[in-house]
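# A structural walkthrough
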Amino acid sequence: MIELEGITKAFGKKQVLRGVNLSVGRGQSLVVIGGSGTGKSVLLKCILGLIQPDDGVIRLDGQDVREAPRDAFLARFGMLFQGGALFDSLPVWQNVAFRLLRGSLKRPRTEAREIALEKLRRVGLGEEVLDLFPAELSGGMQKRVSLARAIAAEPEVIFFDEPTTGLDPIMAGVINQLIREIVTEMGATAITITHDMTSVRAIADQVAMLHDGRVQWAGSIAEMDTTSDPYVQQFIHGRAEGPIAALR
Amino acid sequence: MIAHALAALGRGALAALAGIGRIALYAGSGVAHLLRPPYYPREFLQALLQIGWLSLPVVGLTAVFTGAALALQIYAGSSRFSAESVVPSITAIGMVRELGPVLGGLMVAARVASSIAAEVGTMKVTEQIDALVTLSTHPMKYLTAPRLLAATLSVPILVGVGDIIGIMGGWMVGTGRLGFNSTTYLKNTWEYLEFWDVGSGLVKGAAFGFIIALMGCYYGMNSERGAQGVGRATKSAVVAASIAILAANYLLTEAFFSA
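The shown structure was predicted, so the numbers you read here are calculated from the model rather than taken from an experiment.

Rules and cut-offs
- Residues numbered from 1 in each chain as written.
- Chains lettered and ligands numbered in written order.
- Predicted model: local features only at pLDDT ≥ 70, side-chain atom pairs only at ≥ 80, totals over all residues.
- Heavy atoms only, no water.
- Pairing = 2+ DSSP bridges.
- Helix = DSSP H or I, 4+ residues; strand = E, 2+ residues; numbered from the N terminus.
- Contact = heavy atoms within 4.5 Å.
- Axes fitted to C-alpha atoms, helices over the stretch in contact; angles between N-to-C directions.
- 1 Å grid on protein atoms, 1.4 Å probe; cavity = no way out; pocket = protein on both sides within 12 Å on 5 of 7 lines; lining within 4 Å.
- Points joined across faces, edges and corners; volume = space filled by probe spheres on them.
- Nonpolar A, V, L, I, M, F, W, Y, C, P; charged D, E, K, R; others polar.
- UniProt positions renumbered as here; feature names shortened; annotations may be inferred.

The next subject is the sheet that holds strand β5 (residues 63-64) of chain A. Residues and elements named next belong to chain A. With antiparallel pairing, four strands are arranged side by side in an open sheet as β2-β1-β4-β5. Sheet topology places β2 (14-24) and β5 at the edges, where each strand pairs with a single neighbour. As judged from the eight bridges shared by strand β1 (residues 2-11) and β2, these two strands associate in the antiparallel manner. Each bridged residue has a counterpart across the sheet, and for Glu-3 the counterpart in β2 is Ser-23. In the packing of helix α1 (residues 40-48) onto the sheet, the strands contacted are β1, β2 and β4 (55-60), and the crossing angle to β2 comes to about 65 degrees.

With that out of the way, let us pick up empty space enclosed by the protein. For the coordinates displayed, the defined rule picks out two cavities of 30 Å³ or more. For the largest cavity, the calculated volume is near 50 Å³. Every residue lining the largest cavity is listed: B:Val59, B:Thr62, B:Ala63, B:Thr66, B:Met95, B:Leu99, B:Gly100, B:Leu103, B:Gly104 and B:Gly162. Take the lining of the largest cavity: its biggest share by element is five residues, from helix α4 (residues 87-125) of chain B. When the residues that make up the lining of the largest cavity are grouped by side-chain class, the tally is five nonpolar, five polar and no charged. Taken together, A:Phe77, A:Gly78, A:Met79, A:Phe81, A:Arg99, A:Arg149, A:Ala150, B:Thr134 and B:Leu135 make up the lining of the second largest cavity. Contributions of two or more residues to the lining of the second largest cavity are made by β6 (77-80) and α5 (139-151) of chain A.

Here the focus is the UniProt feature "transmembrane region" (unreviewed entry) in chain B. Residue and element names in this part refer to chain B. Those places that UniProt annotates as "transmembrane region" (unreviewed entry) correspond, in this numbering, to residues 12-35, 47-72, 148-173, 202-221 and 233-252. Helix makes up 85% of residues 47-72 and strand 0%, and the two end C-alpha atoms of the span are 37 Å apart. Split by type, residues 148-173 is 100% helix and 0% strand. Its first and last C-alpha atoms lie 37 Å apart.

Written out as structure tokens, the structure reads:
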């Protein structure tokens, strides 16, 4: 469904991506792992067109994304941002129903509010948060609201950028479980970026490890533990010694 | 040594020109997005409230003290030529042509350009702008265009209200401190004031409003990461808006009154 071919991106003299090749099938959940600063978030932003790659091709269902009509293309995606990225000035329900209140997917406000409530219930929140503002919520609740927003318009593809960062282990477990359930329920294609190996095991069908701007290793979740790749082994076991420099 | 200094000067000049070019392109893009749908009336009304209505106290207080001080100064100056009777008319003309729009514009710049830059800058560094894009909403249309329109429409109204309050400030000092008869003061104000005196000030207000929203949005959108980045964007927005208002005021005055 999503194919990346030879994606490169540099910021000034810093070459972040050096030719990334990757593909994700429809309905699959791919988790991208790798050290900090290896370009994982840049990769997601390149797919969404938030950052223009210097070179390479990104295809969605075989079509080059640069040739796809922008609105129709973005309507197929949902994204959970690392910090939630909820709009401070809007109450929770308007955050969740943002896409349903404007543009091509616009619905009447009462219907949009109903859908927002339904999606909030799906992520374990109730009516009491509908009219609160994001600043009034805890970190875990903000992540849930952000997740509800990502799935509100029932996208075909969902991106999760560090979904459990900053959460306690129990809340992280809840978010991991929700992501897995929602992706399976919706039949959506998912790409998740994380450092958290618990998340990897909970969410992934496929795993790709990014190192030095390239895909160092890719395989199924079952293969990850048995691979002899020293980079993967160092990363998943969190060892200071190995081919990946601890100080980058 | 001299070559190095000249090179540094050249680099600075080039950077400044490039910055002006980027702001001009941003302004063009903002206007283009303003003209093409989709439109966001809720965001426009919210911006109108924030920029226009909530700036009224600041503009009103600035105007009343400016009008009062202006009347005192004109009285002090005109009494040297035994021409005290010009106080009402010169106070009014000074307020509506220059001090109303310029001081009102500068005060709104301090209040609004900073708040827009801080808000948009925070949205940028917390990925809210990226989130807007992923939700099929163009940030220029959703954030910039409504603020440009709201500021362009509301600042002239603020200037108009400020003009009236400023003239009343002069009237209070004129009748309370300088011994003018209330009816004569108001009659002299009204009789010598021409339509274009007021109109030119309102046109200036519209231009200043556009500049204020433009600088707030531009510096906010280009904010660097972290609290320091947002702080820098906020400071730059206020400084740039204030200087641009003063420069635009000179150019508009030249265009309106130089003949």
